[in-house]
Amino acid sequence: MSRKYEEIRRIAGNAIKCWLITDGDGATLSLDDIIGRCRKESVQIARTLAVCQILSSGFPVSDIADFLDRTPQAIRDMRSRGNDLLETSRAFRIAYHEATDMNRQTEPSNMGTN
């Protein structure tokens with residue numbers, strides 16, 4: 001697995017931790033849920049949060065599309081939905097800022113060394 005892929009996984013994992021909820025069955029979200037095709041509202045919002053965080057970290061749309069097995073247009077739609085949620089959803093704003101803080105605090109390992 002490449003460093004870039006590992007970094008995208010780490011950022012997405014932080015986003016999931018910030019949106020961590022349990023559904024009615026007591027199951028929590030996982031990275032597989034985000035990568036998968038689940039259409040539950042909570043999973044879609046967590047996926048949108050992950051996309052926004054990965055984009056704000058500087059990764060191109062095409063890399064995120066490959067990671068999530070989606071089209072670049074779907075990633076752009078998630079970015080647009082994320083911008084709408086930032087304006088309208090307090091819960092999303094809180095999770096977004098928590099994830100941003102987590103990603104600032106944890107730098108990728110072995111970066112900058114030869």
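Above this note sits the structure.
Since the model is a prediction, treat every value here as computed from it, not as a measurement.

Caption draft 1: Representation of the overall build of the chain. A count of helices and strands for the chain gives 6 helices and 0 strands. Ordered by position in the sequence, the α and β elements of the chain form the string α-α-α-α-α-α. Residue burial in the chain is summarised as follows: out of 114 residues, 39% are buried. Taking the intrachain contacts of the chain between residues at least 6 apart in sequence as the baseline, contacts between residues at least 24 apart amount to 59%. Total accessible area computed for the chain in this model is approximately 6900 Å², and 47% of it derives from carbon and sulfur atoms.

Caption draft 2: Layout of the layout of surface pockets. Each pocket or cavity is described by its volume, and for the largest pocket that value is around 230 Å³. As for the largest pocket, its lining consists of R37, C38, R39, Q44, R47, T48, R70, A74, D77, M78 and R81. The biggest single contributor to the lining of the largest pocket is helix α5 (residues 72-88), with 4 residues. For the lining of the largest pocket, the residue count by class is 3 nonpolar, 2 polar and 6 charged.

Caption draft 3: Molecular detail of the side chain of R47. Inspection of the secondary structure assignment puts R47 in helix α3 (residues 41-56). The side chain of R47 sits in the buried core without any salt bridge; D33 is the nearest counter-charge, 7.6 Å away. Polar side-chain contacts of R47 include one of 3.2 Å to the backbone oxygen of D33. Once you skip the residues sitting within four places of it in the chain, R47 turns out to touch D33, I34, G36, R37, C38, L68, R70 and M78.

Basis of the calculations
- Residues numbered from 1 in each chain as written.
- Predicted model: local features only at pLDDT ≥ 70, side-chain atom pairs only at ≥ 80, totals over all residues.
- Heavy atoms only, no water.
- Helix = DSSP H or I, 4+ residues; strand = E, 2+ residues; numbered from the N terminus.
- Buried < 20%, exposed > 50% of the residue type's maximum accessible area, 1.4 Å probe, protein only.
- Contact = heavy atoms within 4.5 Å.
- Areas by Shrake-Rupley, 256 points an atom, 1.4 Å probe, with all protein chains shown as cover.
- 1 Å grid on protein atoms, 1.4 Å probe; cavity = no way out; pocket = protein on both sides within 12 Å on 5 of 7 lines; lining within 4 Å.
- Points joined across faces, edges and corners; volume = space filled by probe spheres on them.
- Nonpolar A, V, L, I, M, F, W, Y, C, P; charged D, E, K, R; others polar.
- Lys, Arg positive; Asp, Glu negative; His and termini not counted.
- Salt bridge = Lys/Arg side-chain N within 4 Å of Asp/Glu carboxyl O.
- Polar contact = N/O pair within 3.5 Å; in protein donor to acceptor, adjacent residues only side chain to side chain.

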